[in-house]
Amino acid sequence: MDYPAVLSLMYRSRFFEEKVEEAGKQNLIHGTYHLSIGQEACHIGLTSAITADDWIVPTHRCHGYNIGRGSDLFRMFSEMLGSRHGLCMGIGGSMHMTDASTSNFGSSAVVGSGISLAGGIAYALKEQDKAAIAAAIFGDGASSRGTLHEMMNMASVFGLPLLFFLENNHYGMSASSGRMISTDSIWKRADGYSMKSVSVDGNDVIAVHDAVAAAREYILSEGKPFFIEADTYRMRGHSKSDKCIYRTREEETEWKHKDPIDYFI
């Protein structure tokens, strides 16, 4: 693990999103965006543990994953502003920031939709006999959707090289995961699909990196999928219009003390 590079990427992700937030407040960005300030350890921990041949399919909260994979910041900012110089020529915006040149299949505004796409990529990698994996990235809000459970079953049955990576930031939009999900250990649901799983501190970039690296080795050596739940927190609202009236300032302060960048330093 390249510690200076990891720290630099987390800072770069934080910088990008803080500048996006500034531009949004100045009405320079049309449409919405979803910031993941506070979740940088998940993004950089995962991307630093996989290879250039591995594919990722992020959620609509995707900026940090693009940066972790090496997307050009100028083209990312251009995409946010609707410029033809953007990653998707300005037509994708924040929630559909695709960059196939970095093995990033792209995100989608449809919650959980990337899971099946990642499964398809994993199937293709297996058919081509490639020593690579696909990572399906999703949040706690998507963890009860049918597409996840269908793909977990298929991945287990067909032995797909697929990593299920859950970013549990404790809120699906404004709904607390404690009120909406039937278990406080989502990762244990993998047991029902004969799949190995683990829970990790999602604000500890080293822990995330090590968990993903170990999962990747297991997936390729055993020919089976793996499930990781990363416990983390978004320091901003669900989207730019969210005032976070559904959570307390005390809760936010508690998580601010667990800032992944400060923790790493």
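Starting afresh in each chain, residues are numbered from 1 along the sequence in its written order. Residue-level local features of this predicted model are given only where pLDDT is at least 70; pairs of side-chain atoms are given and counted only at 80 or more, and the full residue set underlies all totals for whole chains, interfaces and linings. The side-chain values count all of the structure's non-hydrogen atoms but skip hydrogen atoms and water molecules.

## Focus on the overall build of the chain
Line of reasoning, step 1. The secondary structure content of the chain amounts to ten helices and seven strands.
Line of reasoning, step 2. Relative to the globule expectation of 18 Å for 265 residues, the C-alpha radius of gyration of the chain, 17 Å, shows essentially globular dimensions.
Line of reasoning, step 3. Seen along its three principal axes, the alpha-carbon backbone of the chain occupies a region of about 50 × 40 × 35 Å.
Line of reasoning, step 4. Remark: exposure states derive from per-residue accessible area (1.4 Å probe, protein chains only) relative to the maximum for the residue type, with buried under 20%, exposed over 50%, and partly exposed in between. In the chain, which comprises 265 residues, the share counted as buried stands at 53%.
Line of reasoning, step 5. Within the chain, counting contacts between residues at least 6 apart in sequence, those at least 24 apart form 70% of the total.
Line of reasoning, step 6. Of the accessible surface of the chain, which amounts to about 11900 Å², a share of 53% is contributed by carbon and sulfur atoms. A helix here means a DSSP run of H or I that spans at least four residues, while a strand means a run of E at least two residues long, and both kinds are numbered starting from the N terminus. Only C-alpha atoms enter the radius of gyration; for comparison, a globular chain is expected to reach 2.2 Å times N to the power 0.38, where N is the number of residues. Residue contacts are defined here by distance: any two heavy atoms, one from each residue, within 4.5 Å place the two residues in contact. Each accessible area value is a Shrake-Rupley result obtained with a 1.4 Å probe; residue values ignore everything except the protein chains displayed when judging cover.

## Structural notes on the sheet that holds strand β2 (residues 134–139)
Line of reasoning, step 1. Any two strands between which DSSP finds at least two bridges are classified as paired. A sheet is described by the order of its strands in space; here five strands give the open sequence β1-β2-β3-β7-β6, paired in parallel fashion. Pairing within the sheet leaves two strands with one partner each, and these edge strands are β1 (55–57) and β6 (196–201). Here the strands of the sheet are splayed against their neighbours by 20 degrees on average, with no regard to which way each runs.
Line of reasoning, step 2. Taken together, the three bridges between β1 and β2 define a ladder with parallel strand orientation. By the bridge assignment for β2, V57 is matched with A136.
Line of reasoning, step 3. Axis definition: a line fitted to C-alpha atoms, limited for helices to the stretch in contact. Angles are taken between N-to-C directions and run from 0 to 180 degrees. Relative to the sheet, helix α6 (residues 146–158) contacts β2, β3 (162–168) and β7 (226–231), its axis offset from that of β3 by approximately 150 degrees.

## Focus on the environment of F77
Line of reasoning, step 1. As for its placement among the helices and strands, F77 is situated in helix α4 (residues 73–80).
Line of reasoning, step 2. Taking relative accessible area as the criterion, F77 reaches 25% and is therefore assigned partly exposed.
Line of reasoning, step 3. Residues F77 and A213, 136 residues apart in the sequence, show an inter-C-alpha distance of 30 Å.
Line of reasoning, step 4. Beyond its immediate chain neighbours, meaning those up to four positions away, F77 contacts F15, F16, K19 and V20.

## A few points about the packing of helix α2 (residues 40–47) against helix α8 (residues 205–222)
When two helices pack together, their arrangement is given by the angle between their axes and by how far apart the axes lie.
Line of reasoning, step 1. Close contact between α2 and α8 brings their axes to 8 Å; oriented N to C, the two are set at 35 degrees. Here α2 runs over α8; the crossing is right-handed. Taking contact as the criterion, the partners of A41, C42, I44, G45 and L46 in α2 are, on α8, V205, V208, H209 and V212.
Line of reasoning, step 2. A breakdown of the residues in the contact of α2 with α8 according to their chemical character gives seven nonpolar, two polar and no charged. Each crossing gets its hand from how the near helix is turned against the far one by less than a right angle, where anticlockwise is left-handed and clockwise is right-handed. Gly is placed with the polar residues, together with every amino acid not listed as nonpolar (Ala, Val, Leu, Ile, Met, Phe, Trp, Tyr, Cys and Pro) or charged (Asp, Glu, Lys and Arg).

## Points about helix α1 (residues 3–25)
Line of reasoning, step 1. Expected helix span is given by 1.5 Å per residue-to-residue step, counting one fewer step than there are residues. Its 23 residues give α1 an end-to-end C-alpha distance of 33 Å, which sits within 8% of 33 Å, the value for a rise of 1.5 Å per residue.
Line of reasoning, step 2. Residues of α1 that are buried include every one of V6, L9, M10, S13, R14, F16, E17, V20, E21, A23 and G24, and no others.
Line of reasoning, step 3. Buried residues along α1 sit in contact with α2, α3 (63–69), α4, α8 and α10 (260–264).
Line of reasoning, step 4. Where α1 ends, the next residue or the one after it, N27, has phi of about 60 degrees, a positive value.

## Focus on the pairing of β3
Line of reasoning, step 1. With seven of its seven residues buried, β3 lies for the most part within the structure.
Line of reasoning, step 2. Neither face of β3 is open: one carries L162, F164, L166 and N168, the other L163, F165 and E167, and all of them are buried.
Line of reasoning, step 3. Across six bridges, β2 lies against β3 in parallel orientation. Note on β3: the bridge partner recorded for A134 is L162.
Line of reasoning, step 4. Viewed with both strands pointing away, a crossover whose connecting path from the first strand over the helix to the second turns clockwise is right-handed. Each parallel crossover has a hand, and for β2 linked through α6 to β3 it is right-handed.

Read these as geometric descriptors, not functional statements.
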